[in-house]
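Summary of the model geometry
Now for the letters of each chain:
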Amino acid sequence: MNRTARLCSAAAAAVLGLAIVGLVVGDYPVPARSAIATAVWDRGGEFDFVINSLRFPRVTVAVLAGVCLAASGLLFQTLIDNPLVSPDIIGIDTGAAAVAVAILAIGLDARLLPYAAFAGALATAVLIFTLSWRRGFSGGRLVLVGIGINALLSAVITYMLVRFPVERVSAAARWQAGTLSASSWDDARTLAVALVVLLPVAFLLVRRLRIMQLGNDTAIALGMRLEQNRMAVIATGCGLAAIVVAVVGPLGFVALLVPHVARSLAGALTVGVLLLTALLGSVMLLSADLVAQRLFAPTVLPAGVVTAAMGGPYLLLVLRRFNRAV
Amino acid sequence: MRSDHKLDPVLAADRARRNPGDVSSRSRPVLSTENLDADYGGPVVLDDLTASIPTGEITAIVGANASGKSTLLRALARLLKPARGVVYLDGADIHSQSTRSVAVQLGLLPQSPRAPEGVVVGDLVRRGRYPHQRLFDQWSKADERAVVRALELTGLSDVGDRPLDELSGGQRQRAWIAMALAQDTPVMLLDEPTTFLDIAHQVEMLDLLARLNRSENRTIVMVLHDLNQACRYASHLIALADGRIEAVGHPSEVVTAEMIERVFGLHVSVISCPVSGTPLCVPHTHCH
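A brief look at the structure comes next. (Residues numbered from 1 in each chain as written. Chains lettered and ligands numbered in written order. Predicted model: local features only at pLDDT ≥ 70, side-chain atom pairs only at ≥ 80, totals over all residues. Heavy atoms only, no water.)

In this section: the interface of chain B and chain A. Taken together, the contact pairs 29 residues of chain B with 20 residues of chain A. Carbon and sulfur atoms make up 56% of the area that chain B and chain A hide from each other, which totals about 2,200 Å². Contact with chain A buries area across many residues of chain B, yet Arg114, Arg127 and Tyr130 of chain B alone supply 34% of it, more than any other trio. The salt bridge involving Arg210 of chain A is made with Asp123 of chain B; its shortest N-O contact spans 2.7 Å. Between the two partners, chain B and chain A, sit seven residue pairs in polar contact (both at pLDDT 80 or more). Broken down by secondary-structure element, the contributors of at least two residues to the side of chain B that touches chain A are helix H3 (99-103), strand E6 (106-109), helix H4 (121-127) and helix H6 (169-182) of chain B. Across the side of chain B that touches chain A, the residue classes break down as 15 nonpolar, five polar and nine charged. (Contact = heavy atoms within 4.5 Å. Buried area = accessible area lost by both parts, 1.4 Å probe. Salt bridge = Lys/Arg side-chain N within 4 Å of Asp/Glu carboxyl O. Polar contact = N/O pair within 3.5 Å; in protein donor to acceptor, adjacent residues only side chain to side chain. Helix = DSSP H or I, 4+ residues; strand = E, 2+ residues; numbered from the N terminus. Nonpolar A, V, L, I, M, F, W, Y, C, P; charged D, E, K, R; others polar.)

This is the structure in structure tokens:
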């Protein structure tokens, strides 16, 4: 078994372990054996509600959302050839959040929220892509435009939060922090459907990304159709990020950090590195969720606060190494 | 034709080991340009340029800075769409063919290729197989053979597992050549393949290209800065000045003091190289 396969097995084991801990740990004590039994083969019974309505969907959403975010981050970082890029940094998440907050602030039906957020994310992606297009594509320009759009949309969100009645926007503010605690099976289903469609596409795109990484000239010389494939990578990456914002809310830093960790463990991009990234995304989100649930129990933190708290220091470390390398 | 490679053991071994990777048995595409105009949105860089690349030979494109030599190579590699005129590959306009079908006929080594962080040599070379793979294809035996052979030809078999950035400059350049070799194309285009190399590695690189040309009948087209290296290794010279062909043909026929004066604006004496007998240009300067 090669190094990447070993790392993937370890990450998969960690996902399983953390998922079980997620089922067991909580304010209402459930023995490990009963927790697993209730979740997998012995539905109903004493612990059915706490396991199958609260914890199991939450853990499932954490696993699936982690995969989406991390895979999305890897696609963007490879395409733009910059380890400090992710959908949340170039404004995809903020675009989704802006539309979602607007929906809540105006007082429209909250059930519209996932669809509105998804539309907001895609619209932002299209806007960034269009504004950064100048006789061709440039990753650097895309990032700069994205950061600008991100700042602009953040201002719009802040404006809406102060402008609209507090009882409406407080829900929006809570959603905006990204929380897993209210996750339902519906959320898990939405994420699963998105993954079934988008993840195989991401895996197919790996071979192309490996060629695109070699620079435009080499990629064209090797027969790569650059524009179509770039569009495909951006659309897939946006879709993966947007679905998470729509379902869970913005969860910062997962898409930024996890691909970085996976690459530094397993090296240059391969299908195995994408798999490892996806699994590590679940690991990060499951851990963040556990911390969010238990750190100040019974008060539950939004998971987005924890991923940001985990991500901030790591980002500084990466930046330090980056600076030293340049 | 020079004689210094006839006894080359690597060459002899290659001849003995002809296998499916050998391009000499395939039908060979012909590369040519017709009335090519090119610009980058500013002044004209190539001006009504008509040239053809002799199949199975080494062609060197030479000229002063900004004479259009890299632009010509980029046009030949379909990296640049000409403002007017046509690049023909295998009888058809190169831009009318799918980029993948061009990619199995024409390989390219850009001037400063970009390596992904942490990539190992073997992984880089394997990426050269991309145009031979379809959407759901698995890595085939033919792919593996081509990669092993490319590493062998470039003398990199022992460092296949090493990260590219741990290699010397000469080895790195050979790794990129190996990637282009794995692509297994009858024509290879190289943009200043000796830049950033010291003189020993320059010679090593050019010897490698000469060997690939001889043993596998690959057509090689390269932009070279060093006129004497061009004379020594190429059997066909295209000398450009201001985007036009100033001289074209075998170096020993076209390289004269007058031609160098016209192309480079430099006063030289042309003597016969004591080693290879090819033309050797010795500049006249004000200091001596």
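All names here are of chain A. All told, the structure shown has two aromatic pairs over all chains when counted by the stated rule. With a centroid separation of 5.2 Å and 85° between ring planes, the pair formed by Phe56 and Trp185 is classed as edge-to-face. With Phe56 in helix H3 (residues 48-80) and Trp185 in helix H8 (residues 185-212), this pair connects stretches of sequence that are 129 residues apart. Taken together, a centroid distance of 5.9 Å and an interplanar angle of 45° make the contact between Phe129 and Trp133 tilted. Judged by relative accessible area, Phe129 falls into the buried class, the value being 12%. Judged by relative accessible area, Trp133 falls into the partly exposed class, the value being 35%. (Phe/Tyr/Trp six-rings, centres within 6.5 Å; stacked < 30°, edge-to-face > 60°. Buried < 20%, exposed > 50% of the residue type's maximum accessible area, 1.4 Å probe, protein only.)

Let's shift gears to the packing of helix H5 (residues 113-131) of chain A against helix H6 (residues 139-163) of chain A. All names here are of chain A. Look at H5 against H6: their axes get within 9 Å of each other, and the N-to-C directions meet at 135°. The angle between H5 and H6 places the two elements in the oblique class. H6 is crossed by H5, and the crossing has right-handed handedness. Contacts between H5 and H6 involve Thr124, Leu127, Ile128, Phe129 and Leu131 from the first element and Leu142, Val145, Gly146, Ile149 and Leu153 from the second. (Axes fitted to C-alpha atoms, helices over the stretch in contact; angles between N-to-C directions. Parallel < 35°, antiparallel > 145°, perpendicular 65-115°, else oblique. Left-handed = near helix turned anticlockwise from the far one by under 90°.)

Coordinates in, geometry out; function isn't part of it.
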